[in-house]
Amino acid sequence: MAIIKGIPGVEDVPGIEVTVVVDGHDAMEYDDPNLADQELGRAAECPTSSKYIECIDNGKFYIKANVHPDFSWGLQETFSLNLWLYVDGMVVAGVNVKRPGHGMTGSTPRKSEIHGRLCYCHKTEKWLLQECNFSAISTVDDAGNDRVKRDIAAAKGLGVIEVRVDRVITHGRHSRSPHRPRDRANLELSEKALKGKAISHRVSFSSSRITQCPETSIRWSSYNGDEGPMAIFRFHYRSRDALKREMIIPRTPSPEPLPETARMSREELEQLAQERLDQLRRGGSVKEERKPTIKREFGKIIDLSGEDERPSKLSRRSRTLQQPEVIDLTDD
């Protein structure tokens, strides 16, 4: 829910609330990280709320607005508020919110909703409502220069829902004029036209359905001294992937790499276990067959006469006390 408090110059006064409702739920709003830079560039303009929201393929949305009963209308003023809905740079519809005293009590918020645009069918002589939807944009990569130029112009303003609030003076009512709304039927743009923009959707309108519509509309003029809107509510709609690319929401952390065994089938695991078991068994047999190393002791005497089958050992004595045995090999 985007909120702007009061009118310019009035602080800490509950003011106007605007919410985008997508598929029956209030859209989660994320702060615009570029808002501070934008405000520096338009310090003299009206207060602006700028948020990001997630759009869903073929998701239906509408706008709901509340004007708080404590909104600062000013003393002895006769203006009312016009709330205009713009999508992708095109005006769709508007509602007029009267101040307390125009046949209304001031105890509850002024609630308004904009669900889409009205158009008149001359064939059936009925008013039709076309509701707002999010639709994916298709792209082509082999467009010529002329096509790219047209698409760049068509892409201007895409990805933005805007509600502008004007102060107006009403002058009664007049007959409603039937009209055919302007359309952007082409949902295919060249890739070059969208280069550098994380935009994947645009606003389209659903099939028409018959609706009730007053035969008259309010006649109004701008409030004295106002040269533009008194407040703007801007919602940049993006897909979830685009919100991550623009670092509006955190990226999903990469999963930890799985061990090799996690990708093996049951048969492969059983074969691996059997091979390991056989390896351990073979390693144990080699150990059992290995014979101890026999070291010769210092001072061992080998009898060369052949009378003994095995060499005899001298008794263990200190090396310093032991006298070597002398064998006479002369033939006396």
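Quick caveat: nothing in here was measured; it's all calculated off a predicted structure.

What to know about the nonpolar core
General note: in soluble globular proteins, nonpolar side chains tend to be found buried as a group.
Part 1 of the argument: With 37 residues, the main nonpolar core has V20, F61, L81, I161 and F233 as its most contacted residues.
Part 2 of the argument: For this core, the secondary structure elements donating two or more residues are β2 (16-22), β6 (60-67), β7 (80-87), β8 (90-97), β11 (126-136), β13 (160-175), β15 (201-205) and β18 (231-238).
Part 3 of the argument: With sequence-adjacent residues up to four places away left out, V20 is seen in contact with H25, D26, A27, I53, F61, Y62, I63, I161 and F235.
Part 4 of the argument: Counting residues in hydrophobic clusters, the runner-up holds 6 residues, among them I137, A155, L194 and I199.

Remarks on the pairing of strand β9 (residues 110-114)
Part 1 of the argument: In β9, alternate side chains face the same way, and those of R110, S112 and I114 are buried while those of K111 and E113 on the opposite face are not.
Part 2 of the argument: Strand direction decides the pairing type here: β6 and β9, joined by 5 bridges, are antiparallel. Pairing of N66 across the sheet is with K111, part of β9.

Re unusual backbone geometry
Part 1 of the argument: Unusually for a residue other than glycine, N58 sits at a positive phi of about 60°.
Part 2 of the argument: Mapped onto the elements of the fold, N58 is located in the loop between β5 (48-54) and β6.
Part 3 of the argument: Of note, the phi angle at D88 is positive, near 55°, even though the residue is not glycine.
Part 4 of the argument: Residue D88 is classed as buried on the basis of its relative accessible area, which comes to 1%.

Concerning the pattern of salt bridges
As a working rule, side chains carrying opposite charge can pair if their charged atoms are close by.
Part 1 of the argument: Considering all chains together, one arrives at 12 salt bridges under this definition.
Part 2 of the argument: Across the salt bridge formed by D26 and K64, the nearest N and O atoms sit 3.2 Å from each other. Taken as a pair, D26 in strand β3 (residues 25-26) and K64 in strand β6 lie far apart in primary sequence, 38 residues in all.
Part 3 of the argument: On the accessibility criterion, D26 (47% relative accessible area) is partly exposed.

About the cut-offs
Residues numbered from 1 in each chain as written. Predicted model: local features only at pLDDT ≥ 70, side-chain atom pairs only at ≥ 80, totals over all residues. Heavy atoms only, no water. Core = buried A, V, L, I, M, F, W, Y, C linked by side-chain atoms within 4.5 Å. Buried < 20%, exposed > 50% of the residue type's maximum accessible area, 1.4 Å probe, protein only. Helix = DSSP H or I, 4+ residues; strand = E, 2+ residues; numbered from the N terminus. Contact = heavy atoms within 4.5 Å. Pairing = 2+ DSSP bridges. Salt bridge = Lys/Arg side-chain N within 4 Å of Asp/Glu carboxyl O.

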